[in-house]
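A structural walkthrough
Letter by letter, the chains look like this.
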Amino acid sequence: MKRIAVLASGRGTNLEAILEAAERGEIAGEVALVVSDQKEAQALQRAERRGVKNLFMDPRDYGGREQYDQAIVEQLQEDRIDLVALAGFMRLLSPLFVSAFPMQIMNIHPSLLPAFPGLDGVEQAFHYGVKVTGCTVHFVDEGLDTGPIILQEAVPVIQEDTVETLHQRIHASEHRLYPTAIDLFCREKLKVEGRRCMIID
Ligand code: GAR
């Protein structure tokens, strides 16, 4: 069984979807650790409720970004983590972190990358006026939302949408897509060739 760590800064609805899928046996791995950089993150409470090890690691306790990332890497290694899943973790990982887990870090982003990377992907797409947006699960490299794409799902924008209603539908789509991508990783079904990520039989 692969050991998964989820890093989250906020509400943690994607974490919840991952935990539920794992409990239903739809992920061939276990969530062994949840880490947050925010003390009050609901993600930590969700992990606690399900009896999953969870840690608040305060960036202010460390000298800088690299030292903070190094501390997380050490924690992940101590917990023998195979896959790091970023789920609304609102920090750009340093090269040190990325190189410690090459093609073993995933992120979910609320747009069809490479469109609308960075913060507020839903707002950016909405205000741009696109008719179709969606979500992307990708491997993390040193860039901002630039790593090889694993899965994407399209979500149409309807005329009556607000940013909030659109975000709700994208969230629902994320909650399907992320557990699926994680399960593919856990079953060793993903193969990366250059920028292309293949699903192997
Ligand atoms: C998700 O919509 C995720 O795509 C987004 O944060 C939200 C976290 O929601 N991530 C990013 O924008 C990363 N650039 P959650 O805390 O309810 O899972």
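Residues numbered from 1 in each chain as written. Predicted model: local features only at pLDDT ≥ 70, side-chain atom pairs only at ≥ 80, totals over all residues. Heavy atoms only, no water.

**Considerations on the pairing of strand 2 (residues 29–36)**
Within strand 2, 7 of the 8 residues are buried, leaving the element largely enclosed by the surrounding structure. Each parallel crossover has a hand, and for strand 1 (residues 2–7) linked through helix 1 (residues 13–23) to strand 2 it is right-handed. Strand direction decides the pairing type here: strand 2 and strand 3 (residues 54–56), joined by 3 bridges, are parallel. What sits directly across from V34, in strand 3, is N54. Handedness of the β-α-β unit built from strand 2, helix 2 (residues 42–49) and strand 3 comes out right-handed. (Buried < 20%, exposed > 50% of the residue type's maximum accessible area, 1.4 Å probe, protein only. Helix = DSSP H or I, 4+ residues; strand = E, 2+ residues; numbered from the N terminus. Right-handed = clockwise from strand over helix to strand, strands pointing away. Pairing = 2+ DSSP bridges.)

**Brief notes about the pairing of strand 8 (residues 190–193)**
Relative to strand 9 (residues 196–199), strand 8 runs antiparallel, the two sharing 4 bridges. By the bridge assignment for strand 9, L190 is matched with I199. Linking strand 8 back to strand 9 in an antiparallel pair, the connection comprises 2 residues, with G194 at a positive phi of about 65°.

**Observations regarding helix 1**
Think of an α-helix as 3.6 residues a turn; residues three or four steps apart then line up on the same face. Of all the 11 residues making up helix 1, 8 are buried; the element is thus mostly covered by neighbouring parts of the structure. Along helix 1, the residues classified as buried are T13, N14, L15, E16, A17, I18, L19 and A21. Along its buried surface, helix 1 packs onto strand 1, strand 2, helix 2, strand 5 (105–109) and helix 6 (163–186). Two residues or fewer after helix 1 comes G25, characterised by a positive phi angle close to 80°. (Contact = heavy atoms within 4.5 Å.)

**What to know about the side chain of T133**
In this structure, T133 sits in strand 6 (residues 132–139). When sequence neighbours within four positions are dropped, the list of residues in contact with T133 reads P110, S111, L112, A125, E153, A154, V155, V157, L166 and I170.

**Quick notes on the packing of helix 1 against helix 2**
Between two packed helices, the angle of one axis relative to the other and the distance separating the axes together describe the packing. It is the contact of helix 1 with helix 2, at a shortest axis distance of 9 Å, that shows an interaxial angle of 20°. Taken together, the axes of helix 1 and helix 2 lie roughly parallel to each other. The two elements helix 1 and helix 2 meet at a crossing, and its hand is right-handed. Counting all contacts with helix 1, which are made through T13, L15, E16 and L19, the residues of helix 2 involved are A43, R46, A47 and R49. (Axes fitted to C-alpha atoms, helices over the stretch in contact; angles between N-to-C directions. Parallel < 35°, antiparallel > 145°, perpendicular 65-115°, else oblique. Left-handed = near helix turned anticlockwise from the far one by under 90°.)

**Focus on the site of the ligand**
Around the ligand sit 13 residues, and of these G12, T13, N14, H171 and E174 come closest. Contact between the ligand and G12: an oxygen atom at 2.8 Å from a main-chain N or O atom of the residue. At a separation of 3.5 Å, an oxygen atom of the ligand approaches a polar side-chain atom of H167. Looking at the shell around the ligand, the elements that each hand over two or more residues are helix 1, strand 5 and helix 6. Broken down by element, the shell around the ligand gets its largest block of residues, 3 residues, from helix 6. Taken together, the residues of the shell around the ligand break down into 3 nonpolar, 8 polar and 2 charged. (Near = heavy atom within 4 Å. Polar contact = N/O pair within 3.5 Å; in protein donor to acceptor, adjacent residues only side chain to side chain. Nonpolar A, V, L, I, M, F, W, Y, C, P; charged D, E, K, R; others polar.)

**Some thoughts on the pattern of salt bridges**
Summed over all chains, the structure comprises 13 salt bridges. Residues E30 and R3 are paired through a salt bridge, measuring 3.6 Å at the closest nitrogen-oxygen approach. Taken together, the residues E30 in strand 2 and R3 in strand 1 connect sequence positions 27 residues apart. Taking relative accessible area as the criterion, R3 reaches 17% and is therefore assigned buried. For R50, the salt bridge is made with E16, and the minimal N-O distance between the two is 2.6 Å. Placement of R50 in the loop between helix 2 and strand 3 and of E16 in helix 1 is noted, with a sequence separation of 34 residues between them. (Salt bridge = Lys/Arg side-chain N within 4 Å of Asp/Glu carboxyl O.)

**Describing unusual backbone geometry**
For the peptide bond that leads from L113 to P114, omega is 15°, which places it in the cis range. Structurally, the position occupied by P114 is in the loop between strand 5 and helix 5 (121–128). With a phi angle near 55°, F116 is a residue other than glycine that sits in the positive phi range. For F116, the location among the structural elements is in the loop between strand 5 and helix 5. Positive phi is not limited to glycine here, since D145 has a value of about 60°. For D145, the position within the fold is in the loop between strand 6 and strand 7 (149–156). For D145, a relative accessible area of 15% puts it in the buried group.

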